[in-house]
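# An overview of the molecular structure
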6 protein chains.
Amino acid sequence: MNVVVQNIERADEAVIDGLAKCGVATVHEAQGRNGLLADYMRPIYNGARIAGSAVTILAPPCDNWMLHVAIEQVQAGDILVLGTTSPSNAGYFGDLLATSAMARGCRGLVIDAGVRDIADLKEMGFPVWSKAVFAQGTIKETLGSVNVPVACADALVNAGDIIVADDDGVCVVRRDEAAEVLAKAQAREASEAAKRARFEAGELGLDMYDMRKRLADKGLKYV
Amino acid sequence: MNVVVQNIERADEAVIDGLAKCGVATVHEAQGRNGLLADYMRPIYNGARIAGSAVTILAPPCDNWMLHVAIEQVQAGDILVLGTTSPSNAGYFGDLLATSAMARGCRGLVIDAGVRDIADLKEMGFPVWSKAVFAQGTIKETLGSVNVPVACADALVNAGDIIVADDDGVCVVRRDEAAEVLAKAQAREASEAAKRARFEAGELGLDMYDMRKRLADKGLKYV
Amino acid sequence: MNVVVQNIERADEAVIDGLAKCGVATVHEAQGRNGLLADYMRPIYNGARIAGSAVTILAPPCDNWMLHVAIEQVQAGDILVLGTTSPSNAGYFGDLLATSAMARGCRGLVIDAGVRDIADLKEMGFPVWSKAVFAQGTIKETLGSVNVPVACADALVNAGDIIVADDDGVCVVRRDEAAEVLAKAQAREASEAAKRARFEAGELGLDMYDMRKRLADKGLKYV
Amino acid sequence: MNVVVQNIERADEAVIDGLAKCGVATVHEAQGRNGLLADYMRPIYNGARIAGSAVTILAPPCDNWMLHVAIEQVQAGDILVLGTTSPSNAGYFGDLLATSAMARGCRGLVIDAGVRDIADLKEMGFPVWSKAVFAQGTIKETLGSVNVPVACADALVNAGDIIVADDDGVCVVRRDEAAEVLAKAQAREASEAAKRARFEAGELGLDMYDMRKRLADKGLKYV
Amino acid sequence: MNVVVQNIERADEAVIDGLAKCGVATVHEAQGRNGLLADYMRPIYNGARIAGSAVTILAPPCDNWMLHVAIEQVQAGDILVLGTTSPSNAGYFGDLLATSAMARGCRGLVIDAGVRDIADLKEMGFPVWSKAVFAQGTIKETLGSVNVPVACADALVNAGDIIVADDDGVCVVRRDEAAEVLAKAQAREASEAAKRARFEAGELGLDMYDMRKRLADKGLKYV
Amino acid sequence: MNVVVQNIERADEAVIDGLAKCGVATVHEAQGRNGLLADYMRPIYNGARIAGSAVTILAPPCDNWMLHVAIEQVQAGDILVLGTTSPSNAGYFGDLLATSAMARGCRGLVIDAGVRDIADLKEMGFPVWSKAVFAQGTIKETLGSVNVPVACADALVNAGDIIVADDDGVCVVRRDEAAEVLAKAQAREASEAAKRARFEAGELGLDMYDMRKRLADKGLKYV
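As the structure is a prediction and not an experimental result, all values here were calculated from the model.

## Quick word on the overall build of chain A
- When its secondary structure is counted, chain A shows eight helices and twelve strands.
- In terms of its C-alpha atoms, chain A occupies a principal-axis envelope of roughly 65 × 40 × 35 Å.
- Taken across its 223 residues, chain A has 63% of its residues classed as buried.
- Expressed as a percentage of contacts within chain A between residues at least 6 apart in sequence, the contacts between residues at least 24 apart total 75%.
- Only carbon and sulfur atoms are counted for the fraction: they give 47% of the accessible area of chain A, which is about 7500 Å².
- Once the 23 positive and 30 negative side-chain charges of chain A are each reduced to a mean point, those two points are 7 Å apart.

The structure is reproduced here in structure tokens:
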């Protein structure tokens, strides 16, 4: 039952990079408000905005063995995504594992558990989104799996899905929907630029979106 | 992207009923300590112990429309399993929906959100495991999906997986592993009965499991 | 700034008792899904369903002095509602205060803090909805106010508002809207009885609420 | 029941600016340790210290429609304050709404829910205190109210009350008490400056506040 | 560093039983409002009220090995108290360990972690106060200690301290203070009986405790 | 029962400074993965890394009186460590107390409660690790103790124990084990430097730690 899936498919690099530019909020809207990981997933430092293909890890509580297994599966541009079989805030990942992951071109880590050595990770420029910052060490006793579907922070992530992460959190995009989502996200961005200019000029959303009549129909009273 | 998968496969009834008898803790151990839903999933009343095939629902926050869609897919012996695209404690489910679900033979609900009318549900004998008890009403505006894989309370649930639920919480068993898990769970139960008798007679785990030497080797000191 | 408002207006007794019968979920729906207190407010025992006029208390953290002041303001049929100026789980209320409150005809307590002596309170039949059960004692050093508007568990409660509480939680109804809300709640109950019968007979919500076309229009696909 | 109150009274600008200078901790003490919002309300970036008149919003869960309505009511120097009828961490507010609010002179947002686009908001210099950072989109289906009293993060806020917010959190001051609170806060600041100098010189609080005798009387033993 | 302290001193049995009769709230008050464990420690079923000598366990996260070691140290009338070196909700304890503990006369378990098989434990009459109910299995790989001081749910517990536990939670009493605390608790109970009678007769706390003048002096206004 | 222990022993200064250099994660590992405070203890600003001897405080909820008592006991190089007898997020400590503590050479504060004036504290360079940032004021009514053992954020801290704190959190080291822990921590650091170089060169943990055979033996399958 414990497997490592070795050859996963990845989305087109240009699509991935395009999604990174759009950012989490826009991508999430573009795919119908789906795919967000829970809001307790916070970056260990602000300012990073990345996208990459998910190498997924299903790990036991308090046990980080599978991270070593997963790093061998990483290709340049990938993002490690770890879910656990039982909740744990332990510090599964620190500067040594980050060094190893960076050596293989890994862009970052999304972990529904804890991380440590965050001062070092920030200095190294290795971004992590995690449930906790906690120095608690882990053991290497129990198997998990790599590149199987995992539940991570309330979201389902498949190996090869695209992960987008920035200061707002983390979003997952299905690989076979990525190109379409990118197109919608870029359209949304274009439309937002125009709206931004009108808002700056003082136009109200009430008028821009023609809301007044619908509000009145629903019964809103001005007093 | 919003789909209802209509014909799902279900595990053998005898296997399902066997798993119910074993209960959550034993089944979870029998499959290698995997498959538990998060411990915030609590029963609305104590004493129920059920197993059934999962009819899964992926629902938007604050919107219970998909429950009506899902109930049509329920067959006798099924359990509804609802995950959300974004966390919500709203009361997606109450006595009317329970009446409808029971009319189709539904055995219970596992919901990573809120439930209401719990006094009525208890009287009706319809067990629910939920994240919250909350009367907050929901709307019917946004689509979700039925019988797709869902992340529910930190666990991945596929349509047709077997759900086991009792006072200890909720566990999911993959359909194609169910028979093997049942065999292991039953073996475990048999072994536990023997151990229970020895414990009752005053034998210590230290002796029964032959732990003393290993403890000493690891460095435990008696003072 | 610390005041006790002595003469508050109360709603009609028949209206209050009518709301109690409808229960929290129905009343909350009848007033447009407003008025629920947060879902962390749980009863110390199941099975109570009450309604009454709110005697409100604004209390400092860890200090239950104002409860003594408030009890003097209680009339038969009232419910004490306590919010704090700063979060506290301390046990503001126990069996002695309950004895005093019951002697004045108080129907129960809703407290955004802790309660203790819950075994005694259950035996006495004095229901409490609280944020915590905690034996931590409080002091009597700092003033608060009685019968001023309070924020209690995410809801605004005015003195004389009607509180409805049952196993599903707590709901507040504005005094001047109470009769109208009752009428709507009773209409809702009547309508639900009819629906329940149809659900029991096996009719689906999809058909009863004529949802199929709207679902298809929104894009739901059956596969 | 859903209203927009259009003409609210505001406190004197000089009083508001004076309160901003004093900051949250001092203002809170000056009004008898009242008025703090819950400590889960955190700024999206550090270093902002603002005060302004509250334009209040009562919004349904997962629905940000009323923000558009409220922005029309904003005057230069106001702060938007949003409470919900049911808990929600959804991202009600992002860079477009901030652009619109800033165009009307809005100084910031206090929201008992989620916010998104925080990298943009920081760059724009639009401060927000929120319960969550979450990209989850909202809908525009259900009415709420504007400039009614709202329960926001455990505190009651009336339209026109003064909001003070800095890295320590958020405090609300009643409009008709604002001048008096400012006077007390400024007195407190003056007194603190003197104390700070004495502490720097090594004097102990035990001596400065003459605590030794009272500690001994209460029974403190040095061993 | 990992030790088992074998010969611990225990308090007088009559004192222990006397404390059980007084219950958690009274004992906690009698010792100056000290000794409560955090309010997240809840009984797995209501109605138990016990006291006993603490056999303490310091255990690693997700590892229940030390429970077997500790049970050997239990004498009739003891209560097991488990703290962890790192937070864990895993199910350290179930019906087999309970059988073993009961065979040695153990009165119950207080565990700052998870417990499972709660339906069985209730049937066996073995009370547990825990942070969580969770079926998650544990391993036996890492040493801890037995009968050393442990931090358990915010409280410091020494081996041989007296644990009092009931529906209100858990309280710890130092062994060398137990007799004095019992005397104070019994005095308190006597005094409460008299007060209860007066409250039942309708006397107000305001009068019984002579509070009116002090309230007025502090500035409370009746309006 | 309320005492101030005046003459506590402290570890060697060179040992303390050595531990500071190693940091929390390394020190925690070096002592067998023990001694971490709970992960909710977060620094009010990033970048501080300190170690010092603990001056411990056991304080009542919402009452900061004992901080004044404790500061008199501080010697240059000490760290204040505050646990409470009951959970409280109130702001026990701000810029005035920090001024006083710094005047005595205090290196920082670890507080299982709230802190305020964090903008000032950051400017002063006084680091604090706390459970909350909250401006809520406290009172001075109830005694606690100084330099007794305290439970602080799930860990037991004795007066004179060494506290190590950085961006990863807080760790406590027993005074009589400090030299040995330092030696192990330094050995660990040396070993990590070598590993880091190999990881940078692209070597995998699977090979460096010789894991492949053990993984296969446990049953891991590559597919």
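There's more to say after this.
## Digging into the interface of chain F and chain A
- Of the residues lining the interface, 34 residues belong to chain F; the matching set on chain A comes to 35 residues.
- Summed over both sides, the interface of chain F with chain A buries roughly 3100 Å², with 58% coming from carbon and sulfur.
- Its largest share of buried area at the contact with chain A, chain F owes to Asp39, Asp168 and Phe199 of chain F, together 19% of the area lost on that side.
- Across the chain F-chain A interface, the total number found is five salt bridges.
- With a closest N to O distance of 3.0 Å, Arg116 of chain A and Glu29 of chain F form a salt bridge.
- Here chain F and chain A share 15 residue pairs in polar contact (both at pLDDT 80 or more) between them.
- Counting residues per element, the ones that place at least two in the side of chain F that touches chain A are helix H2 (24-30), helix H6 (178-200), helix H7 (205-208), helix H8 (212-218) and strand S12 (221-222) of chain F.
- Grouping the amino acids of the side of chain F that touches chain A by side-chain chemistry returns 14 nonpolar, four polar and 16 charged.
- Across two bridges, strand S1 (residues 3-4) of chain A lies against S12 of chain F in parallel orientation. Bridging across to S12 of chain F, Val3 of chain A finds its partner in Lys221 of chain F.

## Overview of the arrangement of the chains
- With no contact between them, chain A and chain C keep their nearest C-alpha atoms 12 Å apart.
- Where chain B comes nearest to chain F, the C-alpha atoms are still 12 Å apart, and the two do not contact one another.

## Overview of the pairing of strand S7 (residues 128-133) of chain B
Residues and elements named next belong to chain B.
- Counting buried positions over the six residues of S7 gives five, a clear majority of the element.
- Of the pairings in the sheet, the one linking strand S2 (residues 42-43) to S7 comprises two bridges and is antiparallel in character. The residue bridging Arg42 from the neighbouring strand is Ser130, located in S7.
- Pairing of strand S6 (residues 108-115) with S7, which is carried by five bridges, proceeds in the parallel orientation. Within the sheet, the bridge partner assigned to Leu109 lies in S7 and is Val128.

## Structural notes on the pattern of salt bridges
- Scanning all chains against the criterion turns up 111 salt bridges over all chains.
- For the salt bridge of Arg198 of chain C with Glu203 of chain C, the shortest nitrogen-to-oxygen distance reads 2.7 Å.
- Judged by relative accessible area, Glu203 of chain C falls into the partly exposed class, the value being 26%.
- Counted as one network, the salt bridges with shared partners bring together Glu29, Arg33, Arg188, Glu192 and Arg196 of chain A together with Asp95 and Arg116 of chain D.

## Examining the interface of chain F and chain C
- With nine residues of chain F at the interface, the matching set in chain C holds nine residues.
- At the boundary of chain F with chain C, total buried surface from both sides reaches about 660 Å², with 63% on carbon and sulfur atoms.
- Taken together, chain F and chain C are joined by zero salt bridges.
- Counting across the chain F and chain C interface gives two residue pairs in polar contact (both at pLDDT 80 or more).
- Tallied by class, the residues present in the side of chain F that touches chain C amount to five nonpolar, three polar and one charged.

## Topic: the environment of Arg33 of chain E
- Here Arg33 of chain E shows up in the loop between helix H2 (24-30) and strand S2 (42-43).
- For the pair formed by Arg33 of chain E and Val115 of chain E, sequence separation is 82 residues and the distance between their alpha carbons is 28 Å.
- Arg33 of chain E has contacts with Gln136, Gly137, Thr138 and Ile139 of chain C, His28 of chain E together with Thr85 of chain F, leaving out every residue within four places of it along the chain.
- For Arg33 of chain E, the side chain forms a polar contact with the main-chain oxygen of Thr138 of chain C, separated by 2.9 Å.
- Within the structure, Arg33 of chain E has its side chain in polar contact with the side chain of Glu29 of chain E (distance 3.0 Å).

## Description of the environment of Ala11 of chain D
- Counting through the fold element by element, Ala11 of chain D comes out in the loop between strand S1 (3-4) and helix H1 (13-22).
- C-alpha separation for the pair Ala11 of chain D and Asn64 of chain D, spaced 53 residues apart in sequence, amounts to 27 Å.

## Focus on the relation of the copies chain F and chain A
- Overlay of chain F on chain A (RMSD 0.0 Å): rotation 120°, translation along the axis 0.0 Å. Such a turn and shift between the copies fits a three-fold axis.

## Structural notes on the packing of aromatic side chains
- By the definition in use, this model includes twelve aromatic pairs over all chains.
- Taking 5.6 Å as the distance between ring centres and 20° as the angle between the ring planes, the aromatic pair formed by Phe93 of chain A and Phe126 of chain A counts as stacked. With Phe93 of chain A in the loop between strand S4 (78-84) and helix H4 (95-103) and Phe126 of chain A in the loop between helix H5 (118-124) and strand S6 (128-133), this pair connects stretches of sequence that are 33 residues apart. As far as the burial class goes, Phe93 of chain A and Phe126 of chain A line up, both buried.
- Lying across the ring of Trp65 of chain E, Arg214 of chain B places its NZ or CZ 4.5 Å from the centre.

## Looking at the relation of the copies chain F and chain C
- Expressed as a screw operation, the relation of chain F to chain C combines 0.0 Å of axial shift with a rotation of 180°, fitting to an RMSD of 0.0 Å. On this basis, the relationship between the two copies can be described by a two-fold rotation axis.
- Take the interface residues of chain F: 100% of them recur as interface residues in chain C, which is what a same-surface contact looks like.

## Observations concerning the packing of helix H4 (residues 95-103) of chain B against helix H6 (residues 178-200) of chain C
- One can describe the packing of H4 of chain B onto H6 of chain C by two numbers: an axis separation of 8 Å at closest approach and a directional angle of 15°. In terms of orientation, H4 of chain B lies roughly parallel with respect to H6 of chain C. At the point where H4 of chain B passes H6 of chain C, the crossing takes the right-handed sense. In this structure, H4 of chain B contributes Asp95, Leu96, Thr99, Ser100 and Ala103 of chain B to the contact, and H6 of chain C contributes Glu192, Lys195, Arg196, Phe199 and Glu200 of chain C.
- Of the residues that constitute the contact of H4 of chain B with H6 of chain C, the class distribution is three nonpolar, two polar and five charged.

## Details of the state of the cysteines
- Within the structure shown, the criterion is met by three disulfides over all chains.
- In this model Cys62 of chain A forms its disulfide with Cys62 of chain E; the gap between the sulfur atoms is 2.4 Å. Of the two residues, Cys62 of chain A sits in the loop between strand S3 (50-59) and helix H3 (65-71) while Cys62 of chain E sits in the loop between strand S3 (50-59) and helix H3 (65-73), which places them in two different chains. Residues Cys62 of chain A and Cys62 of chain E agree in their burial class; the two are buried.
- Free of any disulfide, Cys171 of chain A has its nearest cysteine sulfur in Cys22 of chain A, 11 Å distant.
- A relative accessible area of 0% means that Cys171 of chain A is categorised as buried.

## A word on unusual backbone geometry
- In the Ramachandran plot, Asn147 of chain B falls in the positive-phi region, its phi being about 65° despite a non-glycine side chain.
- Its location among the elements puts Asn147 of chain B in the loop between strand S8 (145-146) and strand S9 (150-152).
- Unusually for a residue other than glycine, Cys62 of chain C sits at a positive phi of about 65°.

## What about the pairing of strand S12 (residues 169-173) of chain C?
Residue and element names in this part refer to chain C.
- Summarising burial for S12: five of the five residues are buried, a large majority.
- Where burial is concerned, the two faces of S12 agree: the one with Gly169, Cys171 and Val173 and the one with Val170 and Val172 are both buried.
- Of the strand pairs in this sheet, strand S11 (residues 162-166) and S12 are connected by five bridges, and their pairing is antiparallel. Paired with Ile163 across the two strands is Val172, which belongs to S12.

The rules behind each value
Residues numbered from 1 in each chain as written. Chains lettered and ligands numbered in written order. Predicted model: local features only at pLDDT ≥ 70, side-chain atom pairs only at ≥ 80, totals over all residues. Heavy atoms only, no water. Helix = DSSP H or I, 4+ residues; strand = E, 2+ residues; numbered from the N terminus. Buried < 20%, exposed > 50% of the residue type's maximum accessible area, 1.4 Å probe, protein only. Contact = heavy atoms within 4.5 Å. Areas by Shrake-Rupley, 256 points an atom, 1.4 Å probe, with all protein chains shown as cover. Lys, Arg positive; Asp, Glu negative; His and termini not counted. Charge placed at Lys NZ, Arg CZ, Asp CG, Glu CD. Buried area = accessible area lost by both parts, 1.4 Å probe. Salt bridge = Lys/Arg side-chain N within 4 Å of Asp/Glu carboxyl O. Polar contact = N/O pair within 3.5 Å; in protein donor to acceptor, adjacent residues only side chain to side chain. Nonpolar A, V, L, I, M, F, W, Y, C, P; charged D, E, K, R; others polar. Pairing = 2+ DSSP bridges. Least-squares fit on C-alpha atoms with pLDDT ≥ 70 in both. Phe/Tyr/Trp six-rings, centres within 6.5 Å; stacked < 30°, edge-to-face > 60°. Lys NZ or Arg CZ within 6 Å of the ring centre and 35° of its normal. Axes fitted to C-alpha atoms, helices over the stretch in contact; angles between N-to-C directions. Parallel < 35°, antiparallel > 145°, perpendicular 65-115°, else oblique. Left-handed = near helix turned anticlockwise from the far one by under 90°. Disulfide = S-S within 2.5 Å.

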